[in-house]
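# Summary of structural features
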Amino acid sequence: MARLKIKAEVTGSVWKIEARAGQKLEPGATIMILESMKMEIPVVAEDGGTVAELHVAEGESVNEGQVVATLAE
Amino acid sequence: MTAESADAEGWQSEVEELRLRRAQADALGGAAAVDKHHGQGRLTIRERIAGLVDTQSFQEVGRLTGQGRYDKDGRLLGVTPAPYVMGLAKIDGRPVAVGGEDFTVRGGTSWSGDRKKGGQGGFVEDLAHSYRIPLVNLIDGSGGSVTSINRRGHSVFPGVHGFERSVQLMGEVPVVCAVMGTAAGGPAGRAILSHWSVMVKDSSYVFAAGPPVVERSLRQKITKEELGGPGIAVEVAGTIDNVAASEAECFALVRRYLSYMPQNVWQLPPVANTGDPADRAEDELLSIVPRNRRKAYDMRRLVRLVADKDSVFELQPSYGKALITCLARMNGKVVGFVANNPMVYGGAMDSRAARKQTHFVELCDFFHIPLVFLVDVPGFMVGRDAEAAGTLREGMRSVYVGLQASVPMFTVVIRKCYGMAGMGTTDKNGLDLKIAWPSAEWGSLPIEGGVAAAFRREIEAAADPAAREAEIEAELRAMASPFRTAEAFGVEEIIDPRETRAYLCRFIDAAQARLATSVGPKPKFGVRP
């Protein structure tokens with residue numbers, strides 16, 4: 001089973017987590033929303049997949065390029 | 001044989017030798033070397049050229065070059081071809097100069113005949129220069145080799161004649177470099193001296209020096225992929241612009257890129273009939289920007305809704321993602337879109353986005369491609385990392401290059417337009433036409449950041465400082481309506497977002513006459529900051 005690491009495209013903080021571990025996501029679905037530069041930046045599962053793991057919690061700081069979730073196809 | 005019968009034969013025996021020599025050239029480094037190359041999932045240079053150019057359009061030059069082997073009577077036994085294949089070809093019916101190293105002969109290392117064939121300068125680059133046609137380099141060479149010391153009896157001073165031609169071409173004709181294998185040193189440097197570059201996933205690498213040199217110099221053990229695969233060269237460093245999934249896709253991308261380019265700076269880009277009505281209005285544009293200012297939206301979709309259908313070609317899609325740069329068509333005419341991406345740092349210009357904009361604006365200016373700025377920029381990126389990355393210098397360099405450019409530019413303010421980065425989206429040398437959507441806002445800096453600083457004493461003196469700050473913000477925001485600036489003609493027009501395409505097409509069509517009267521090279525004065 002292919003695992004896909006989802007990275008944060010921006011440095012900021014985790015504002016809201018929308019998906020649960022184990023949840024199956026449609027392509028383009030939002031996994032979580034980061035806050036950066038006073039904007040809500042969605043982290044999306046471009047090709048969809050099942051959430052294998054969430055690596056961050058709400059309120060936590062994230063760096064650009066940090067893996068925030070792992071999806072399984 | 002009598003003289004008569006020899007004459008009747010004509011030059012048949014020499015033509016036979018020519019046929020033999022051509023067959024030797026076509027065999028490249030021999031069947032074993034070709035098989036090994038194919039085994040690594042790579043095409044030969046001859047297959048690459050055939051895959052890139054119009055069918056049957058390749059006219060090779062220098063097919064006989066190489067190292068002949070002769071018996072003691074001087075009869076030809078065979079020829080090891082020169083490790084470079086090049087010539088004249090066509091792409092979409094237009095002539096191009098094309099060449100590339102042959103990896104199956106000595107790993108495509110440099111070759112010294114009486115005249116260089118290509119690589120850095122050489123005949124193929126002279127051809128592009130003299131005939132003012134685009135140059136496509138298919139790079140798969142290891143560059144210089146220390147074994148040349150053995151051959152020559154001396155070491156060679158770095159740099160060869162030819163690189164000055166490569167530099168000259170940057171102001172004359174489109175130069176495309178496709179890295180097809182491992183490029184280190186000279187060939188890597190050559191790849192950078194281009195208007196657009198591309199590499200192939202899982203099969204090309206580009207670096208100043210490869211893993212063995214890195215290990216000796218720094219005691220770092222690192223793989224080729226980690227050192228110079230697309231994950232570094234394209235996504236992190238931006239040294240190469242785009243990545244292709246396969247060699248075949250790479251050729252399709254090169255052809256696509258050139259379809260937007262004029263043959264040289266003395267001509268205009270080709271106009272195509274895209275069949276997309278100039279007055280097409282998309283209802284989706286009315287609601288694409290959320291009313292909630294904290295919410296981002298899909299700027300790539302916005303570009304696709306405005307541009308001619310299927311005409312958008314994004315350059316550097318995975319580098320400097322706070323900015324989107326695309327070649328596209330509007331009513332058939334080539335334009336360059338520069339769009340801030342609110343999904344990445346709210347569209348703030350960081351050092352990478354600035355470098356991307358600098359190159360793209362200069363590219364479009366040189367090749368007479370009008371620019372459309374779709375603006376949603378809160379300013380330069382802030383924070384320690386951004387300062388350390390030289391955002392101010394890269395950002396101002398981008399602004400500087402924009403203020404030197406003379407190609408017509410159009411500013412469409414979608415949402416935020418603030419500060420120096422905002423100024424860099426306007427056509428200060430030209431008409432300076434700025435149109436805005438009702439969602440637009442602008443200023444020297446965003447109100448929410450500015451109020452606390454500008455009204456500090458007043459806020460501190462208030463009974464409820466937080467309430468006073470919110471109150472001042474609300475007062476200022478009411479005055480920040482784009483309609484008030486339009487009253488003062490500080491922005492030339494506010495439009496219904498659905499009118500964007502029709503409005504831009506009118507002006508881009510009208511600008512064609514101006515473009516036609518200002519072709520030719522553009523010398524630039526001054527020193528970039």
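Just above sits the structure.
Now for a look at the structure at hand. (Residues numbered from 1 in each chain as written. Chains lettered and ligands numbered in written order. Predicted model: local features only at pLDDT ≥ 70, side-chain atom pairs only at ≥ 80, totals over all residues. Heavy atoms only, no water.)

### With respect to the overall build of chain B
Threshold: Each helix corresponds to a stretch of at least 4 residues labelled H or I by DSSP, and each strand to a stretch of at least 2 residues labelled E; elements are numbered beginning at the N terminus. In this scheme, a residue with accessible area under 20% of its type's maximum is buried, one over 50% is exposed, and one in between is partly exposed, where area comes from a 1.4 Å probe on protein chains only. By definition, residues are in contact when any of their heavy atoms lie within 4.5 Å. Charged residues are defined narrowly, with Lys and Arg counted positive, Asp and Glu counted negative, and His plus the chain ends left uncounted. Charged side chains are reduced to one point each, which is NZ for Lys, CZ for Arg, CG for Asp and CD for Glu.
Along chain B, the regular secondary structure elements total 24 helices and 19 strands. Here chain B holds 529 residues, and the buried ones make up 48% of them. Taking the contacts inside chain B whose residues are at least 6 apart along the sequence as the reference set, 71% of them involve residues at least 24 apart. Positive and negative side-chain charges of chain B, numbering 63 and 63 respectively, have mean locations separated by a distance of 3 Å.

### A look at the overall build of chain A
We apply this condition: Just to be clear, the radius of gyration here is over C-alpha atoms, and the globule rule we use is 2.2 Å times residues to the power 0.38.
The secondary structure content of chain A amounts to zero helices and eight strands. Reading chain A from its N end, one meets helices and strands in the order β-β-β-β-β-β-β-β. The C-alpha radius of gyration of chain A comes to 11 Å, within 12% of the 11 Å expected for a compact globule of 73 residues. Projected onto its principal axes, the C-alpha coordinates of chain A cover approximately 35 × 15 × 15 Å. Within chain A, buried positions represent 37% of all 73 residues.

### Regarding the interface of chain A and chain B
Keep this limit in mind: Accessible surface is computed with a 1.4 Å probe, and the buried area is the amount of it that two parts give up when combined, taken over both parts together. In the sections that follow, a salt bridge refers to a side-chain nitrogen of Lys or Arg positioned within 4 Å of a carboxyl oxygen of Asp or Glu. Polar contact criterion, stated in full: a pair of N or O atoms within 3.5 Å, where within protein one must be able to donate a hydrogen and the other to accept it, and residues adjacent in sequence count only if both atoms are side-chain atoms.
Contacts between the two partners involve 13 residues from chain A and, on the opposite side, 19 residues from chain B. Interface area for chain A against chain B, summed over the two sides, is near 1,400 Å², with a carbon-plus-sulfur share of 49%. The three residues of chain A that bury the most area against chain B are Met37, Met39 and Glu40 of chain A, which together make up 45% of that side's buried surface. If you look at where chain A meets chain B, you find five salt bridges. Residue Arg294 of chain B pairs with Glu40 of chain A through a salt bridge whose shortest N-O separation is 3.0 Å. At the surface where chain A touches chain B, the tally comes to seven residue pairs in polar contact (both at pLDDT 80 or more). Those elements that place two or more of their residues in the side of chain A that touches chain B are β4 (29-36) and β5 (39-45) of chain A.

### Describing the sheet that holds strand β2 (residues 12-17) of chain A
Residues and elements named next belong to chain A. Stated precisely, the cut-off is as follows: Strands are labelled as partners when DSSP assigns at least two bridges between them.
Taken in spatial order, the four strands line up as β5-β4-β2-β7 in an open sheet, and their pairing is antiparallel. Each edge of the open sheet is held by one strand with a lone partner, namely β5 and β7 (61-62). Sheet topology note: the β2/β7 ladder contains two bridges and is antiparallel. Each bridged residue has a counterpart across the sheet, and for Gly12 the counterpart in β7 is Val62.

### What about the environment of Thr325 of chain B?
Residues and elements named next belong to chain B. Along the chain, the position of Thr325 falls in strand β13 (residues 323-330). A residue is classified by how much of its surface remains accessible, and Thr325, at 1% relative accessible area, is buried. Linking Thr325 and Val361, residues 36 residues apart in sequence, is a C-alpha distance of 9.3 Å.

### Section: the environment of Gly186 of chain B
Here Gly186 of chain B shows up in helix α8 (residues 186-192). Here the alpha-carbon distance between Gly186 of chain B and Arg291 of chain B, two residues 105 residues apart in the chain, equals 52 Å.

### A few points about the packing of aromatic side chains
All names here are of chain B. Our working definition: Under the pairing criterion, centres of Phe, Tyr and Trp rings, with the six-membered ring standing for Trp, must be within 6.5 Å; the plane angle then separates stacked pairs below 30 degrees from edge-to-face pairs above 60, leaving the rest tilted.
Overall, the coordinates contain four aromatic pairs over all chains when judged by the stated rule. Each ring, one from Trp196 and one from Tyr257, has its centre 4.8 Å from the other, and the planes form 10°; the classification is stacked. Of this pair, Trp196 sits in strand β9 (residues 196-200) while Tyr257 sits in helix α12 (residues 247-259), placing them 61 residues apart in sequence. By the burial criterion, Trp196 is buried, and Tyr257 matches it. Judged by centre distance (6.0 Å) and plane angle (15°), the ring pair of Tyr260 and Phe313 falls under stacked.

### Topic: the pattern of salt bridges
Note that side chains of opposite charge can pair when their charged atoms are close. All names here are of chain B. Tallied over the entire structure, the rule returns 47 salt bridges over all chains. One salt bridge connects Asp140 with Arg48, and the closest N-O pair in it is separated by 2.9 Å. Placement of the pair is Asp140 in the loop between β6 (135-139) and α6 (147-152) and Arg48 in helix α4 (residues 45-52), with a sequence separation of 92 residues. Per residue, the accessibility class of Asp140 equals that of Arg48, and both read buried. Here Arg477 and Glu473 are joined by a salt bridge, their closest N and O atoms 3.9 Å apart. Taken together, the positions of Arg477 and Glu473, both in helix α21 (residues 465-479) and four residues apart, correspond to about one turn of that helix. Judged by its relative accessible area of 30%, Arg477 falls in the partly exposed class. Because the salt bridges share partners, they merge into one network encompassing Asp276, Arg280, Glu282, Asp308, Lys309 and Arg501.

### So, helix α14 (residues 299-306) of chain B
Residues and elements named next belong to chain B. Rules: Starting at the helix axis, one direction is taken to each C-beta atom, and the arc is that of these directions.
All of the buried residues in α14 are Met299, Leu302, Val303, Leu305 and Val306. End-on view of α14: buried residues confined to an arc of 165°, all on one side of the axis. With a side-chain oxygen positioned 3.1 Å from the backbone nitrogen of Arg300, the residue opening α14 is Asp298.

### Comments concerning the sheet that holds strand β6 (residues 49-54) of chain A
Backbone hydrogen bonds are what pair the strands of a sheet, in a parallel or an antiparallel way. Residues and elements named next belong to chain A. As summarised here, the arrangement of the four strands in space is β1-β8-β6-β3, forming an open sheet in which the pairing is antiparallel. Each of the sheet's edge strands pairs with one partner strand only, and the pair in question is β1 (3-7) and β3 (24-25). Bridge count between β1 and strand β8 (residues 67-72): five bridges; the pairing is antiparallel. Within the sheet, the bridge partner assigned to Ile6 lies in β8 and is Ala69.

### Notes on the nonpolar core
All names here are of chain B. Cut-off, in case you're wondering: Working definition of a nonpolar core: buried Ala, Val, Leu, Ile, Met, Phe, Trp, Tyr and Cys residues. They are joined through side-chain atoms within 4.5 Å.
Formed by 88 residues in total, the largest nonpolar core has its most connected members in Leu138 and Tyr257. No other element matches helix α15 (residues 351-366), which puts seven residues into this core. The residues contacting Leu138, other than those within four sequence positions of it, are Ile45, Arg48, Ile49, Leu52, Val98, Gly99, Gly100, Glu101, Ala178, Met180 and Phe251. Counting residues in hydrophobic clusters, the runner-up holds 30 residues, among them Val289, Val303, Trp437 and Ala511.

### Notes on the packing of α4 of chain B against α12 of chain B
Residues and elements named next belong to chain B. As a reminder, the rule being used: Interaxial angle, 0 to 180 degrees, is taken between N-to-C directions of lines fitted to C-alpha atoms, where a helix line uses only the stretch in contact. The labels follow the angle: roughly parallel below 35 degrees, roughly antiparallel above 145, roughly perpendicular from 65 to 115, and oblique for the rest. In a left-handed crossing the near helix is turned counterclockwise from the far helix by less than a right angle, and in a right-handed crossing that turn is clockwise.
Between α4 and α12, whose axes approach to 9 Å, the crossing angle comes to 45°. One finds that α4 runs oblique with respect to α12. When you trace α4 past α12, the crossing you get is right-handed. Residues Arg48, Gly51 and Leu52 of α4 form the contact with α12, whose own contacting residues are Glu247, Phe251, Val254 and Arg255.

### Here's the deal with unusual backbone geometry
Trans is the common state for peptide bonds, and a negative phi is the common state for residues other than glycine. Residues and elements named next belong to chain B. The backbone phi angle of Asp202 is positive, close to 60°, even though this residue is not glycine. Secondary-structure assignment places Asp202 in the loop between β9 and β10 (205-207). We classify Asp202 as exposed; its relative accessible area is 54%. Here the phi dihedral of Phe489 falls at roughly 60°; this positive angle occurs in a residue that is not glycine. Mapped onto the elements of the fold, Phe489 is located in the loop between α22 (482-487) and β19 (493-494).

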